Amino acid sequence: MVEQQLLVQKGLRYRLYTELVPEARLRGISVTNVFIVALVLASFLFLALETEPALNSQPGWKTAFGIFNVFVVAAFALEYTLRVFVAGLDPKYAGVTGRLKYITRFYSIADLLAFLPELIVMLAGFGIPLIALRVLRLFRLIKIARFVPAFDIFGAAVKRAGTQLLTALAMALVLVYISAVALYFIEGVGGEQQESFASIPRAIWWAIATLTTVGYGDVYPVTPLGRMFASVIAIAGIGVVALPAGVFASAFSDELRERQEAKAEAATHAYSSQAERTPEGKVPLPGTDGGLGG
């Protein structure tokens, strides 16, 4: 009887593992994880609706928001607990040390922050309004990242182009500072002595708005020399924005191409292995037994 119970428990644990851990499946996404993704998207929808005064002032909607938030927090807490429970099936996370390693992963920390602060406030209070914790719900977006290959490709592309992106960022920061210093001396110290250019930190706001081609128009030079210099900075800003965009686009394209080639190579290798097992080296058509049937 005890052995039978152990087998049932082991079977249930493996079932939970395949339902909760995306890497445990060869393809597709489990029903449980589809539900988690839908719940995350619904929580973002309700987060947006909660900020609408016309809805939040009505008792019915306010009650619905509260019930939904309690359900989401409880669901994510249960999901997190089950993930930690089944993580030991992976040899990397077996035992107490392995569990600690799993809990301190980036995804695990994001999962924890997606519900724990609100859960603590719900249970203990501490006089902290739940509205102050709404921003932490953005961590729930990371829960979706593990199910969407595009996020993985995005991260790999950023890592691939990390050096080039940091170089472009350094160039942008240098140009921002030089622009702020120049407009400080042209417009702040000399010229019309505008208040907006009275110091270098104040001039940095104009430099950032100009170099990013936003150009809010709240701060601008009025002297001829200042406008001429600002024109040069505005034109240079086009290159500052375009350079990292081009670098990232190239890295993203390379990463996507390499993954597609690797996938095609793996599929060709598997198909060739199957062909070697057929009589006379015939390649079976998809959906057939390759002439092996009787």
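The notes below deal with the structure included here. No experiment lies behind these values; they were computed from the predicted model shown. Here, residues in each chain are numbered from 1, in the same order as that chain's written sequence. With pLDDT at 70 or above as the cut-off, local features in this predicted model cover only qualifying residues; side-chain atom pairs require 80 or more to be listed or tallied, and sums for whole chains, interfaces and linings still use all residues. Working from all heavy atoms in the structure, the side-chain values ignore hydrogens and water.

What about the pattern of salt bridges?
Salt bridges, as used here, are contacts in which a Lys or Arg side-chain nitrogen is within 4 Å of a carboxyl oxygen on Asp or Glu. Overall, the coordinates contain 11 salt bridges when judged by the stated rule. A salt bridge links Lys143 to Glu79; the nearest nitrogen and oxygen atoms lie 2.6 Å apart. Residue Lys143 is located in helix H8 (residues 140-145), and its partner Glu79 is located in helix H4 (residues 59-86); the two are separated by 64 residues in the primary sequence. Residue burial is assigned from relative accessible area. The probe radius is 1.4 Å, only protein chains are included, and a residue is buried under 20% of its type maximum, exposed over 50%, and partly exposed in between. Note on Lys143: relative accessible area 1%, which makes it buried. With a shortest N-O distance of 3.2 Å, Asp111 and Lys143 are connected by a salt bridge. With Asp111 in helix H6 (residues 106-113) and Lys143 in helix H8, the pair connects residues that are 32 residues apart, well separated along the chain. Under the DSSP-based scheme used, a helix requires at least four consecutive residues in state H or I and a strand at least two consecutive residues in state E, with every element numbered from the N terminus.

Some details on the environment of Asn56
Relative to the helices and strands, Asn56 is located in helix H3 (residues 53-56). We call two residues in contact when some of their heavy atoms are within 4.5 Å. When sequence neighbours within four positions are dropped, the list of residues in contact with Asn56 reads Glu50, Lys62, Phe65 and Arg134.

Observations regarding the packing of helix H2 (residues 31-50) against H4
Here, axes are lines fitted to C-alpha atoms. For helices the fit covers the stretch in contact, and angles between N-to-C directions go from 0 to 180 degrees. With their axes 11 Å apart at the nearest point, H2 and H4 run at an angle of 145 degrees to one another. In the crossing of H2 with H4, the sense of the turn from one axis to the other is left-handed. Contact with H2, carried on its side by Asn33, Phe35, Ile36, Leu39, Val40, Ala42, Ser43, Phe46, Leu49 and Glu50, involves Trp61, Phe65, Phe68, Asn69, Phe71, Val72, Ala75, Phe76, Glu79 and Arg83 of H4 and no other residues of that element. For this scheme, ten residues count as nonpolar: Ala, Val, Leu, Ile, Met, Phe, Trp, Tyr, Cys and Pro. Four count as charged, namely Asp, Glu, Lys and Arg, and the remainder, Gly too, count as polar. In the contact of H2 with H4, the residues fall into 14 nonpolar, three polar and three charged. Should the near helix be turned anticlockwise from the far one by less than a right angle, the crossing is termed left-handed; should it be turned clockwise, right-handed.

Details of the packing of helix H10 (residues 162-189) against helix H11 (residues 200-211)
Two elements in contact, H10 and H11, have axes whose closest approach is 8 Å; the angle formed by their N-to-C orientations is 125 degrees. Taken as axis vectors, H10 and H11 run oblique relative to one another. The interaxial crossing formed by H10 with H11 has right-handed handedness. In this structure, H10 contributes Ala172, Leu175, Val176, Tyr177, Ser179, Ala180, Val181, Leu183 and Tyr184 to the contact, and H11 contributes Ile200, Ala203, Ile204, Trp206, Ala207, Ile208 and Leu211. Of the residues assigned to the contact of H10 with H11, the class counts are 15 nonpolar, one polar and no charged. Angles are sorted into four bins: roughly parallel if under 35 degrees, roughly antiparallel if over 145, roughly perpendicular if 65 to 115, and oblique for all others.

What about the layout of surface pockets?
In the cavity and pocket records, a cavity denotes points on a 1 Å grid over the protein atoms alone where a 1.4 Å probe fits but cannot get out, a pocket denotes an open set with protein on both sides within 12 Å along at least 5 of 7 lines, and lining residues are residues with an atom within 4 Å of a point. Grid points are joined across faces, edges and corners, and a volume is the space filled by probe spheres set on the points. Reported here for the largest pocket is a volume of approximately 830 Å³. If you go around the largest pocket, you meet 30 residues; those closest to its centre are Pro22, Glu23, Arg146, Phe147 and Asp152. Secondary structure elements with two or more residues in the lining of the largest pocket: helix H9 (149-160) and helix H12 (224-276). In terms of residues, the lining of the largest pocket owes the most to one element, H12, which gives four residues. Per-class residue counts for the lining of the largest pocket are 15 nonpolar, four polar and 11 charged.

By themselves, these are just geometric observations and shouldn't be taken as functional.
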